[in-house]
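# Observations on the model geometry
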Amino acid sequence: MRIDVITIFPGYLAPLREALLGRAIGAGLVDLAVHDLRSWTRDVHQAVDDSPYGGGPGMVMRPQVWGEALDAVLALDERPARIVVPTPAGRPFTQATAQAWTGEERLVFACGRYEGIDQRVVDDARRRDLPVDEVSIGDYVLVGGEVAVLVMVEAVVRLLPGVLGNPASAQQDSFSDGLLEGPAYTRPEVWRGLAVPEVLRSGNHAKIARWRRDRALERTAQRRPDLLAALPEDALDDADRAF
Ligand SMILES: COC(=O)c1ccnc(N)c1
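Residues numbered from 1 in each chain as written. Predicted model: local features only at pLDDT ≥ 70, side-chain atom pairs only at ≥ 80, totals over all residues. Heavy atoms only, no water.

## Some points on the domain arrangement of the protein
Defined as follows: Note: domain ranges come from an automatic or database domain assignment.
Domain assignment breaks the protein into domain 1 (2-157) and domain 2 (174-242). Centre-to-centre separation of domain 1 and domain 2, based on C-alpha positions: 37 Å.

Take a look at the structure:
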């Protein structure tokens, strides 16, 4: 997978070259290219934004600069790309989105700042039949899209084959089965007077699986009843319902 990020703060994306993601890049599982949007400005001030039509606070990022930047970056590689615009006004980015994007050959992230990017940039890309997703990582506003890109790239790349040491851990993630993950424990057996639940030391794999499923159902019911309500009809078996 090739990932391109267009931003006025390239340094914000440096963490993508650390740790697990850095190793994925080193192993050739991911190609990452970060581009400074100001490279496509033509004026001495390298202006990337301007006042909003209709008035109002803040500044809007200029369509000319973004249009040239996206055209140039897309032309760097012939692989088909999905353009992603992080915005608080976007559709929710979820584990399902991350899973779906693992099938993409290329993702091009357009990081907006200020009050966002002139809408015609997205409209122009869409009318050229380029896939464009405007996505939000949660119901809150950031200063720029860069942090959202860090979140989304990590969520996607960790799912790519060969990235995680143990692929099973991606399968047992929270959300992978529609439920939140339950509590986890490691040594010592007792810590500050708190013992690891007995069942986890029983060696009885069926009982352990049941206990873990019950804890996941319990936590999901307590913290995210919306996820429980959204489960498909056949997702819960009789033992689950008995819980
Ligand atoms: C500027 O971008 C944001 O504020 C943003 C992007 C993606 N998700 C959000 N919740 C906010």
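## Structural notes on the nonpolar core
Filter applied, for reference: Nonpolar cores are built from buried Ala, Val, Leu, Ile, Met, Phe, Trp, Tyr and Cys residues. Side-chain atoms within 4.5 Å join them into one set. Working definition: with a 1.4 Å probe on protein chains only, accessible area under 20% of the residue-type maximum means buried, over 50% means exposed, and in between means partly exposed. In this text, helices come from DSSP runs of H or I with a minimum length of four residues, and strands from runs of E with a minimum of two, each type numbered from the N-terminal end. Contacts are residue-level and defined by heavy atoms, with any inter-residue pair within 4.5 Å sufficient.
Among the nonpolar cores identified, the biggest contains 28 residues, and Ile3, Trp101, Phe109 and Val157 are the most heavily contacted of them. Mapped by element, the contributors of at least two residues to this core are strand S1 (2-7), helix H1 (19-26), helix H3 (95-101), strand S6 (106-110) and helix H5 (146-157). For this core, the element with the most residues is H5, which contributes eight residues. For Phe109, the residues in contact, after removing those within four places along its chain, are Ile3, Asp4, Val5, Ile6, Val84, Trp101, Val149, Met152 and Val153. Within the second largest apolar cluster, 21 residues are counted, among which are Val48, Val65, Leu70 and Ala125.

## With respect to unusual backbone geometry
Omega for the bond connecting Arg187 with Pro188 falls within 30 degrees of zero, at 5°, which places this linkage in the cis form. Mapped onto the elements, Pro188 comes out in the loop between helix H6 (167-171) and strand S8 (190-191). Positive phi is not limited to glycine here, since Gln46 has a value of about 55°. As for its position among the elements, Gln46 is in the loop between strand S2 (31-36) and strand S3 (49-50). Given a relative accessible area of 36%, Gln46 falls into the partly exposed group. Of note, Arg192 is a non-glycine position whose phi angle comes to about 55°, a positive value. The exposed category is assigned to Arg192, whose relative accessible area is 72%.

## A look at the layout of surface pockets
For clarity, the threshold we go by: For cavity detection a 1 Å grid was placed over the protein atoms alone, and a set of points counts as a cavity when a 1.4 Å probe fits there but cannot get out; an open set counts as a pocket when protein lies on both sides within 12 Å along at least five of seven lines, with lining residues being those that have an atom within 4 Å of a point. Grid points are joined across faces, edges and corners, and a volume is the space filled by probe spheres set on the points. All amino acids are sorted into three groups, where Ala, Val, Leu, Ile, Met, Phe, Trp, Tyr, Cys and Pro are nonpolar, Asp, Glu, Lys and Arg are charged, and the leftover types, Gly among them, are polar.
Counted as a void, the second largest pocket has a volume near 440 Å³. If you trace the second largest pocket, you find 26 residues lining it, with Pro86, Thr87, Pro88, Glu115 and Gly116 closest to the centre. Among the secondary structure elements, those contributing two or more residues to the lining of the second largest pocket are strand S5 (82-92), helix H4 (119-127) and strand S7 (132-136). If you tally residues by element for the lining of the second largest pocket, the top one is S5, at five residues. Tallied by class, residues from the lining of the second largest pocket come to 14 nonpolar, eight polar and four charged.

## So, empty space enclosed by the protein
What the rule picks out here adds up to two cavities of 30 Å³ or more. Put simply, the largest cavity is a space of about 50 Å³. Leu70, Ile83, Val85, Ala110, Ile117, Val121, Val122, Ala125 and Val132 are the residues that line the largest cavity. A total of three residues in the lining of the largest cavity trace back to one element, the largest contributor, which is H4. Taken together, the residues of the lining of the largest cavity sort by class into nine nonpolar, no polar and no charged. There is about 40 Å³ of room inside the second largest cavity. Breaking the lining of the second largest cavity down by element, the ones donating at least two residues are H1 and H5. Its residues assigned to classes, the lining of the second largest cavity shows eight nonpolar, no polar and no charged.

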